[in-house]
Amino acid sequence: MATEPTKIGILGCGVISGIYIETAQKVDAIELAAIADVNPEAARFRAEQYGIERVLTPEELLADPEIEIIISLTPNRLHGQIGKQIIEAGKNLYSEKPFAVYREEALENVALAEAKGLRTGGAPDTFFGAAWQTARKAIDDGLIGEPYAAFSYLAGRRAPMNPANMTDEQRARYQAMMSRPTRQTAPGHVSFFATDGGKYGVSNTFDMGGYYLANLINLLGPAKSVMGMTNKMFDEVVRMDRVVKIESPTHVTGIIQFQSGVLCQWLTTSDVYSTEMPHIEIYGTEGTLRCPDPNYFPGPVYLRKPESQELIELENKHAIVQDTRGIGVADMAVGIKNGRPHRANGRMTSHVVDIMNALHESSDQGKRIDLVTTCDQPKALPVDLPNWTIDD
């Protein structure tokens, strides 16, 4: 690996920026050179919290000649627009998910970057995690035979978060979560979920569904077509202390056909309380894999073989067992320096956007939708890769 780290910048200093900053400060491949936000107080808050010397305006960040990669941590519905500005400024783009709301935005940004000799990519990068690399190795090693079907389930309806109505145990968990440095924000911060949460592109399918799709692509490769049905149960919901009007489908179900022939049953919903249903399962001719929540890097991966109903937890031999959001940026930096593809690349993230839009279009049009994008299955990580590092 090259000894000189790649200088990166962060645009957007809301809640998710904290974990990206922590990862950047621990991974040798990248160096966080500056941060920026349209709200100067938000940027200054993060700078003081993490000892970051340079706080810039967004315009200054885009113009900084030393910065090679800019991470866009802006609201969902601005990802396509902000991403284009970053590329036009001559910077490599790494976007928080979704890469864009609309397929056309995603494809335009990838094409623009490729024409300029720049890289694009984005979250989710949880598939770098130990759980997902363990599952990937199990499939690659043939432990379940030939995969032919899959199941993906996200039920994301939450009870109102009112500490006054919580049990002591719930209140303790809530306070512990909110006291984490990464969850703290500048005074006056308002989440875009509280303002845009009911709009197209900010539903569970677009916000959380990307974790499921990225990990399915990691395990099974690219998809080919989809059939979807959508609905919404409620006209408005309470987000934080606001009533949000629901303007787009919140219950999205369907079938995703992968190029390998695997058929995946799909559900993402904001209308259903979660139970003990598995998040992702992969079904093969010689066994079944049960995978954990793809929002996280670690977690148990279970194997069931034909001779027993017992679920056997697979041994994990991979190092990334903590929240390492932003490791995909380091992989992009190493890829640029060494002339190899990076894993969480723009073609893969655009493919995710294509699938999410196609599920809605299939429901609207009442027919199967063939996807217009494809991507390579990301290369598996080496088993012996040390923590907080990326392979050459």
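Data block above holds the structure.
Below is a summary of the structure that appears in this document. Just so it is clear, the structure is predicted and the values come from calculations on it, not from any experiment.

1. Digging into the overall build of the chain
Okay, so step 1: Across its full length, the chain holds 12 helices and 17 strands.
Okay, so step 2: What you see for the chain is a C-alpha radius of gyration of 20 Å, in line with the 21 Å of a compact globule of 392 residues.
Okay, so step 3: Each of the three principal axes of the chain carries a C-alpha extent, and together these read 60 × 50 × 45 Å.
Okay, so step 4: Buried residues in the chain amount to 53% of all 392 residues.
Okay, so step 5: With an accessible surface of roughly 17,600 Å², the chain has 51% of that area assigned to carbon and sulfur atoms.
Okay, so step 6: Charged side chains of the chain number 38 positive and 50 negative; the gap between the two group centres comes to 2 Å.

2. Notes on the packing of helix H6 (residues 130-140) against helix H10 (residues 209-220)
Okay, so step 1: It is the contact of H6 with H10, at a shortest axis distance of 9 Å, that shows an interaxial angle of 30°. Taken together, the axes of H6 and H10 lie roughly parallel to each other. In the packing of H6 onto H10, the handedness of the crossing is right-handed. Along the contact surface, H6 presents Trp132, Gln133, Ala135, Arg136 and Ile139, while H10 presents Asn215, Asn218 and Leu219.
Okay, so step 2: Of the residues contributing to the contact of H6 with H10, the split by class is 4 nonpolar, 3 polar and 1 charged.

3. Structural notes on the sheet that holds strand S6 (residues 120-122)
Okay, so step 1: Read across the open sheet, the 6 strands follow the order S3-S2-S1-S4-S5-S6; overall the sheet is parallel. Only two strands of the sheet have a single partner each, and these edge strands are strand S3 (55-56) and S6.
Okay, so step 2: Inspection of the sheet shows strand S5 (residues 92-95) paired to S6 by 3 bridges, in the parallel sense. What sits directly across from Leu93, in S6, is Thr120.

Reading the values: the criteria
Residues numbered from 1 in each chain as written. Predicted model: local features only at pLDDT ≥ 70, side-chain atom pairs only at ≥ 80, totals over all residues. Heavy atoms only, no water. Helix = DSSP H or I, 4+ residues; strand = E, 2+ residues; numbered from the N terminus. Rg over C-alpha atoms; globule rule 2.2 N^0.38 Å. Buried < 20%, exposed > 50% of the residue type's maximum accessible area, 1.4 Å probe, protein only. Areas by Shrake-Rupley, 256 points an atom, 1.4 Å probe, with all protein chains shown as cover. Lys, Arg positive; Asp, Glu negative; His and termini not counted. Charge placed at Lys NZ, Arg CZ, Asp CG, Glu CD. Axes fitted to C-alpha atoms, helices over the stretch in contact; angles between N-to-C directions. Parallel < 35°, antiparallel > 145°, perpendicular 65-115°, else oblique. Left-handed = near helix turned anticlockwise from the far one by under 90°. Contact = heavy atoms within 4.5 Å. Nonpolar A, V, L, I, M, F, W, Y, C, P; charged D, E, K, R; others polar. Pairing = 2+ DSSP bridges.

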